[in-house]
Amino acid sequence: MKALYKGHPADVWQISRTNVRPDWVKLAFAEHYLYWLDNHLCILISGLKPSMTKNLKLGAVGTIGGGFAGYDMYTVGYLGDFLDATNHRVISKKTFSKKYQLLKDTSASQTEI
């Protein structure tokens, strides 16, 4: 779904095992950027809609030796939280309702799984 955060559009998804998954969420599961660990969603933040600038800020770029230079590349989301792929964040439902404005999604790319 789409939302506005600080006046800018963001791709968000409410973490759930049963709700509608947008195409970017399906792709992230297929590429193992998202995976379930019990009722927690493990998220490789640097893999979601990668941006070199944001990955540099996170320290999630490869080093010359081929390893990763940074920390905080993985985060955990809980059922009911929101995953903001555009801004590389997991937001609680309470914070989402305060800081985000949900937009109506007119695309047909969301299908239930």
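The sections below set out a description of the structure shown in this document. (Residues numbered from 1 in each chain as written. Predicted model: local features only at pLDDT ≥ 70, side-chain atom pairs only at ≥ 80, totals over all residues. Heavy atoms only, no water.)

1. Some words on the overall build of the chain
Move 1: The helix and strand inventory of the chain stands at three helices and eight strands.
Move 2: The secondary structure elements of the chain, listed N-terminal to C-terminal, are β-β-α-β-β-α-β-β-β-α-β.
Move 3: Here the chain holds 113 residues, and 35% of them are scored as buried.
Move 4: Here the analysis covers contacts within the chain between residues at least 6 apart in sequence; of these, 53% occur between residues at least 24 apart.
Move 5: When the accessible area of the chain is evaluated, it comes to approximately 7000 Å², of which 57% is carbon and sulfur surface. (Helix = DSSP H or I, 4+ residues; strand = E, 2+ residues; numbered from the N terminus. Buried < 20%, exposed > 50% of the residue type's maximum accessible area, 1.4 Å probe, protein only. Contact = heavy atoms within 4.5 Å. Areas by Shrake-Rupley, 256 points an atom, 1.4 Å probe, with all protein chains shown as cover.)

2. Thoughts on the pairing of strand 3 (residues 34–37)
Move 1: Here strand 3 shows a clear split, with Leu34 and Trp36 buried on one side and none of Tyr35 and Leu37 buried on the other.
Move 2: Examined bridge by bridge, strand 3 and strand 4 (residues 40–44) share four bridges and lie antiparallel to one another. Among the inter-strand pairings, Trp36 is bridged to a residue of strand 4, identified as Leu41.
Move 3: Hairpin connection between strand 3 and strand 4: a loop of two residues separates the two successive antiparallel strands, and Asp38 in this loop has a positive phi of roughly 60°. (Pairing = 2+ DSSP bridges.)

3. Quick word on the pairing of strand 2 (residues 8–14)
Move 1: Where strand 1 (residues 2–5) lies against strand 2, four bridges are found, and the strand directions are antiparallel. Looking at strand 2, one finds that Tyr5 is bridged to His8.
Move 2: As judged from the three bridges shared by strand 2 and strand 6 (residues 82–84), these two strands associate in the antiparallel manner. Along strand 6, the bridge assignment pairs Val12 with Asp84.

4. Here we look at the environment of Tyr78
Move 1: Position of Tyr78 relative to the elements: it lies in strand 5 (residues 74–78).
Move 2: Here Tyr78 falls in the partly exposed class, since its relative accessible area comes to 46%.
Move 3: Residues Tyr78 and Ile91 lie 13 residues apart in sequence; the distance between their C-alpha atoms is 9.6 Å.
Move 4: With residues near it in sequence (within four places) discarded, Tyr78 still touches Ile15 and His40.

5. A short note on the nonpolar core
Move 1: Ranked by internal contacts, the top residues of the largest apolar core, which has 14 residues, are Trp13, Phe29, Leu34, Leu41, Ile43, Leu48 and Leu83.
Move 2: Among the secondary structure elements, those contributing two or more residues to this core are helix 1 (23–30), strand 3 and strand 4.
Move 3: Excluding residues within four positions of it along the chain, Leu48 makes contact with Ala28, Tyr33, Leu34, Ile43, Leu83, Ala85 and His88.
Move 4: Judged by nonpolar contacts, the second largest core, of eight residues, contains Ala10, Phe82, Ile91 and Phe96. (Core = buried A, V, L, I, M, F, W, Y, C linked by side-chain atoms within 4.5 Å.)

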